[in-house]
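Descriptive analysis of the structure
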Amino acid sequence: MLNTAVALSIILNGEPHRVTAGMRIADLVRELGLNPKKVAVERNLEIVPRSTLGDVFLEEGDQLEIVHFVGGG
Amino acid sequence: MSGAVKGLPMSIPMNNSDSWTVAGRTFTSRLIVGTGKYKDFEQNAAALVASGAEIITVAVRRVNVSDRKAPMLTDYIDPKKYTYLPNTAGCFTAEDAIRTLRLAREAGGWELVKLEVLGEAKTLYPDMRETLRATEILAKEGFLPMVYCVDDPIAAKQLEEAGAVAVMPLGAPIGSGLGIQNRVTIRLIVEGAKVPVLVDAGVGTASDAAVAMELGCEGVLMNTAIAEAKEPVRMARAMKLAVEAGREAYLAGRMGRRMYADPSSPLAGLI
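Nothing here was measured: the structure is a model prediction, and the numbers come from that model. (Residues numbered from 1 in each chain as written. Chains lettered and ligands numbered in written order. Predicted model: local features only at pLDDT ≥ 70, side-chain atom pairs only at ≥ 80, totals over all residues. Heavy atoms only, no water.)

Residues and elements named next belong to chain B. Relative to the helices and strands, S29 resides in the loop between β2 (25–27) and β3 (31–33). Note on S29: relative accessible area 14%, which makes it buried. A distance of 3.4 Å separates the side chain of S29 from the backbone oxygen of G52, its partner in a polar contact. Other than its neighbours up to four places away in sequence, S29 contacts W20, G52, A53 and E54. (Helix = DSSP H or I, 4+ residues; strand = E, 2+ residues; numbered from the N terminus. Buried < 20%, exposed > 50% of the residue type's maximum accessible area, 1.4 Å probe, protein only. Polar contact = N/O pair within 3.5 Å; in protein donor to acceptor, adjacent residues only side chain to side chain. Contact = heavy atoms within 4.5 Å.)

To continue, consider the sheet that holds strand β7 (residues 144–149) of chain B. Residues and elements named next belong to chain B. Strands sit in the order β6-β7-β8 across an open sheet of three strands; the sheet is parallel. Of all the strands in the sheet, the pair left with one neighbour each is β6 (112–115) and β8 (166–169). Across this sheet, the average inter-strand angle for adjacent strands is 20 degrees, counted without regard to direction. Taken together, the four bridges between β7 and β8 define a ladder with parallel strand orientation. Within β8, the position partnered with Y148 by the bridge is M168. Packed on one face of the sheet, helix α4 (residues 128–140) meets β6 and β7 and runs near 175 degrees to β7. (Pairing = 2+ DSSP bridges. Axes fitted to C-alpha atoms, helices over the stretch in contact; angles between N-to-C directions.)

In this section: the interface of chain A and chain B. In many analyses, interface size is given as the accessible surface area lost on bringing the parts together. Between chain A and chain B, the contact holds 27 residues from the first and 30 residues from the second. Counting each side, the surface lost to burial between chain A and chain B is near 2500 Å², with a carbon and sulfur contribution of 61%. For the chain A face of the interface with chain B, the top three residues by lost area are H68, F69 and G73 of chain A, together amounting to 29%. On inspection of chain A and its partner chain B, the count reaches three salt bridges. Across the pair R99 of chain B and E42 of chain A runs a salt bridge whose closest N-O atoms are separated by 2.5 Å. Elements represented by at least two residues in the side of chain A that touches chain B include exactly β3 (40–43), β4 (46–48) and β5 (63–71) of chain A. For the side of chain A that touches chain B, the leading source of residues is β5 of chain A, giving seven residues. Looking at the side of chain A that touches chain B residue by residue, the classes come out as 14 nonpolar, seven polar and six charged. Examined bridge by bridge, β5 of chain A and strand β4 (residues 55–62) of chain B share five bridges and lie antiparallel to one another. From the neighbouring strand, V70 of chain A faces β4 of chain B, where its bridge partner is A59 of chain B. (Buried area = accessible area lost by both parts, 1.4 Å probe. Salt bridge = Lys/Arg side-chain N within 4 Å of Asp/Glu carboxyl O. Nonpolar A, V, L, I, M, F, W, Y, C, P; charged D, E, K, R; others polar.)

Our focus in this paragraph is the nonpolar core. With 67 residues, the main nonpolar core has I77, L115, V167, V203, M222, I226 and M239 of chain B as its most contacted residues. The element that contributes the greatest number of residues to this core is helix α3 (residues 94–108) of chain B, accounting for seven residues. Sequence-distant contacts of L115 of chain B, that is, excluding residues within four places in its chain, are made with T88, A97, L101, T131, A134, T135, L138, P145, M146, V147 and Y148 of chain B. The next biggest cluster of nonpolar side chains, apart from the first, holds 20 residues, and it includes A26, L64 and I66 of chain A together with V63 of chain B. (Core = buried A, V, L, I, M, F, W, Y, C linked by side-chain atoms within 4.5 Å.)

Turning our eyes to something else, we now look at the environment of R102 of chain B. Tracing the sequence through the fold places R102 of chain B in helix α3. Separated by 36 residues in sequence, R102 of chain B and L138 of chain B have C-alpha atoms that sit 9.0 Å apart. If near-sequence neighbours (up to four positions away) are discounted, R102 of chain B is found in contact with I47 of chain A together with E141 and F143 of chain B.

Laid out in structure tokens, this is it:
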């Protein structure tokens, strides 16, 4: 299948990242192999509530932070 | 009843029901442990079991986008079994700390958090101006912040007034293992506080933890002392025992201090 979908440029965790246009945040989280229940997402410095991850479409230039819990003191 | 010592009840009532409460949540273990610096997750999990801790601190960091197979803390330490206390380690402004904890609340779904706003990398001493400001904002947003702070009774009071659900003075700089440097200020904080006081940072070995508890602290928080011991799991157990021993000693009430000797055997009847 030829991928003719339009790609968007976003910043994901500080690094440039390409995503397919029409992608929702939840789609990206799953594409990254992550469990949406174990992460938190910030989009353009605003928290995206977990309940709406499946509703919010990614847009060109979005700055996304996806975080989780790691070991720490 | 064989084996009982004359005059003693069959069992000495131990304080097994001795618990403490922070922001309405009650815990039996008075030891809170960090989850950083361990060799691997297996060792971390084993030390946690040995410590008997019910609360663990965790950091909030970016997910590894490039390595999808990287093991996750939550795979080894069950957030349903242990209370995850997200921290703001590495934050040097109130804004950074608040941003981190908003994400933590979204990731974890709970309000109980550990706030620390650092002043400089060399000492990792808290910036109390920023810490106080962050505490006020977090409390207004519904967070329940347990707050890392200097060992200053006035600062501790101000944090309490600002909405801290626990104050957590340092015993010595983070990761230094130097032990409790100022017993007087820790005691004064304990005497003046209406919220739980926990020594956070500076514990190096078991006796340091016992000292904190003997001073009347509700608990002790530590990471490096266990993680950097030659045998972390064994040290975790030592810390469990030290916290329990220190607590029992505090409840028992220590003897008064004398300047000179006082014989334990009677002087009367000496041959």
